[in-house]
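# Remarks on the overall topology
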Amino acid sequence: MTLEQQLAEVVLEQDLLVGDAVKARPAAWDVAGPCQADAVIRPRSTEQVAKVLRLCSAAGRPVVTQGGLTGLVKGSVALAGEVVLSLERMNQIEEIDTTSRTITVQAGATLESVQQAAESAGLKYPVDLGGRAQCTIGGNVATNAGGNHVIRYGMTRAQVLGIEAVLADGTIVSDLSKMLKNNAGYDFKQYFIGSEGTLGVVTRVVLRLQPRPQSVNTCFAALNAFDDVLQLLSAVQDGLGPTLSAFEVLWPEFYELTTTAPSEHQPPLDHGFPYYVILEAHGGDPKKDGERFRDVLGDCMERDLIEDSVLATTPAERARIWGFRDAVEHMNRLGPIYTFDVSLGIADMEAYVAEIKEKVSDRWPNGTVVVFGHLGDGNLHVIVGVGERGTEVREAVEACVYEPLAARRGSVSAEHGVGLEKQSHLHITRGPNELELMRRIKQALDPQNLLNPGRVLPPA
Ligand SMILES: Cc1cc2nc3c(=O)[nH]c(=O)nc-3n(C[C@H](O)[C@H](O)[C@H](O)COP(=O)(O)OP(=O)(O)OC[C@H]3O[C@@H](n4cnc5c(N)ncnc54)[C@H](O)[C@@H]3O)c2cc1C
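Residues numbered from 1 in each chain as written. Predicted model: local features only at pLDDT ≥ 70, side-chain atom pairs only at ≥ 80, totals over all residues.

Turning our attention to the overall build of the chain. Assigned secondary structure in the chain consists of 15 helices and 20 strands. Per-residue burial for the chain yields a buried fraction of 46% across its 460 residues. Of all intrachain contacts in the chain linking residues separated by at least 6 positions in sequence, the fraction that spans at least 24 positions is 72%. (Helix = DSSP H or I, 4+ residues; strand = E, 2+ residues; numbered from the N terminus. Buried ≥ 20, exposed ≤ 12 C-beta atoms within 10 Å, placed from the backbone. Contact = placed C-beta atoms within 7 Å.)

Rendered as structure tokens:
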């Protein structure tokens, strides 16, 4: 029997796709063309996932796990010869426990469905990012997704209390505990968080929920200098304390692209300022929080840190501000683009961005560098468009971005992961002993190298 015939015995007929049905699926959110895998299997339970992996393991066939395909480093893009294991049929919210403030979900549940379920129970699941409607909790866990509110609530890792996962050989390891404290030996859930599907398939997750904010105050501000951005960050960290829930910075190229036709978004402030900041506070006392927010910002205006600003006083106004922040699809108007997700010391960012721009314009006088990101977390997204593509061009653009980053001891991946895209640059951030330790962990959990092979770890 072929592997495909054996797999057909594990799942319902409609849950195994081969041939044209595989080609009808997209490769990924940001990769044109069809899925290249030999087969796509869509189990409905952890036991089915275990059987699939047991069969693939016996056949020595590589498996690529797919969630919502919104990953930005090609980790879930399947190649010929590989079997796709999609979690799309395992999308149930299993339980909301309002006493322990947890939600237990299957890994294929979308982030948005988890946010909505938490909301309907009067609580909040605090991870939020632009791909919320498609990306899954399994994908978020596998990439340790960050997003817009890390400064307040932490990354996905900080939300995970329990995990159930299946190892390459089909072994199910299940710790769906709701406990915040559990020092009974190795905390194995951490192996699966951020390891991009290379160590196991996450099937179910217990997540922490937070109190739903009673007040959300949002401000969009224009600033004249990077030093003002740093002083503003410091002032709102002091003034708003733990309620500070977002501090996003948009360089002008980003703001202009996302708020100029054909974009549907209108600019709430004039174009032409060197920096724009979205800052937001989530609190528990609507009256006092609003006053406090306005007082802290008023002080910043008196200190001339802010040139112009608008406050969002309704959910619709808030959505308008986050709308253009999340409208990253407009970057494609630059033509072929190269995207980066780096982190480095906040104080180094101005010089770092200036150096990238200088390097790019030395070689491509009409090249464009667009920068935006979660500055409060030390995380910048850098988009470079130089009007051409190709291996040599990509390597030259990468050198423009990564050489100045290496000099500042930054990370080549703040939140998107490594996937197939960043392996050759991993050495900038990880030393030889760290890479060797990663290889040993991979060898211990997946000795046949069948789960997402070739992703994350560079060839030895
Ligand atoms: C518009 C937009 C905005 C974004 N903004 C952000 C942002 O602000 N912050 C951020 O961190 N990311 C962001 N992303 C990236 C992306 O949404 C995240 O990486 C997300 O966590 C991927 O989830 P997914 O379900 O789409 O995973 P996929 O793309 O399907 O897979 C991503 C990786 O996880 C693995 N994987 C998926 N499911 C599982 C599972 N159940 N078990 C084991 N491995 C699995 C895959 O093999 C792959 O390596 C954005 C993407 C888009 C399109």
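From this point, the discussion proceeds with the structure in view.
Time to look at the site of the ligand. Close contacts around the ligand come from 37 residues, with G67, G71, G75, G138 and G139 the closest. Elements represented by at least two residues in the shell around the ligand include exactly strand 5 (63-66), helix 5 (137-143) and strand 12 (201-208). Of the residues forming the shell around the ligand, the biggest block, five residues, is contributed by helix 5. Along the lines of polarity and charge, the residues of the shell around the ligand split into 13 nonpolar, 21 polar and three charged. (Near = placed C-beta within 6 Å. Nonpolar A, V, L, I, M, F, W, Y, C, P; charged D, E, K, R; others polar.)

All right, on to the domain arrangement of the chain then. Per the domain assignment, the segments of the chain are domain 1 (3-86), domain 2 (93-211), domain 3 (215-328) and domain 4 (335-429). Relative placement of domain 1 and domain 4: their C-alpha centres are 32 Å apart. Tallying the contact residues gives six residues for domain 1 and eight residues for domain 4. Along the lines of polarity and charge, the residues of the side of domain 1 that touches domain 4 split into three nonpolar, two polar and one charged. (Domains from an automatic or database assignment.)

Burial in helix 4 (residues 111-120) covers these residues: L111, V114 and A118. Taken end-on, helix 4 shows its buried residues confined to a sector of 65°, consistent with a single buried face. In this structure, the buried residues of helix 4 make contact with strand 7 (93-97), strand 8 (102-106), strand 9 (123-124) and helix 5. Following helix 4 by one or two positions, G122 adopts a phi angle in the positive range, close to 80°. (Arc of directions from axis to C-beta.)

What follows is about the pairing of strand 16 (residues 275-283). Strand 16 sits mainly inside the fold: nine of its nine residues count as buried. Residues Y275, V277, L279, A281 and G283 line one face of strand 16 and the alternating positions Y276, I278, E280 and H282 line the opposite face, and both faces are buried. Bridging between strand 14 (residues 215-223) and strand 16 involves nine bridges; their strand directions are antiparallel. Considered in strand 16, the bridge of S215 is made with G283. Looking at chain direction, strand 15 (residues 244-250) and strand 16 are connected through six bridges and run antiparallel. Along strand 16, the bridge assignment pairs E248 with I278. (Pairing = 2+ DSSP bridges.)

A separate point is the packing of helix 12 (residues 349-363) against helix 13 (residues 391-407). In contact at an axis separation of 9 Å, helix 12 and helix 13 are set at 150° when each is read in the N-to-C sense. Taken together, the axes of helix 12 and helix 13 lie roughly antiparallel to each other. Considering the relative orientation of helix 12 and helix 13, their crossing is right-handed. Contact residues: Y352, E355, I356, K359, V360 and R363 in helix 12; A396, C400, V401, P404 and L405 in helix 13. Across the contact of helix 12 with helix 13, the residue classes tally to eight nonpolar, no polar and three charged. (Axes fitted to C-alpha atoms, helices over the stretch in contact; angles between N-to-C directions. Parallel < 35°, antiparallel > 145°, perpendicular 65-115°, else oblique. Left-handed = near helix turned anticlockwise from the far one by under 90°.)

With that settled, consider the sheet that holds strand 18 (residues 337-343). The antiparallel open sheet is built from seven strands, whose spatial order is 17-14-16-15-19-20-18. The open sheet terminates on both sides in strands that have one partner only, identified here as strand 17 (308-312) and strand 18. With strand direction ignored, the average angle separating the axes of adjacent strands in the sheet is 15°. This element, helix 10 (residues 286-302), spans strand 14, strand 16 and strand 17 of the sheet and lies at about 15° to strand 14.

A word on the sheet that holds strand 7. Read from one edge to the other, the open sheet built from five strands follows the order 7-8-12-10-11, with strand pairing classed as antiparallel. Looking at strand neighbours, the two that pair on one side only are strand 7 and strand 11 (172-175), the edges of this open sheet. Sheet twist, expressed as the average angle between the axes of neighbouring strands with direction ignored, equals 10°. Across six bridges, the pairing between strand 10 (residues 160-166) and strand 12 is antiparallel. Paired with G162 across the bridge in strand 12 is V206.

On to the packing of helix 8 (residues 226-240) against helix 10, then. At a minimum axis separation of 10 Å, helix 8 and helix 10 run at an interaxial angle of 150°. Relative to helix 10, the element helix 8 lies roughly antiparallel. Judged by the twist between their axes, the crossing of helix 8 over helix 10 is right-handed. From helix 8, L232, A235, V236, G239 and L240 reach across to helix 10, where they touch F293, V296, D299 and C300.

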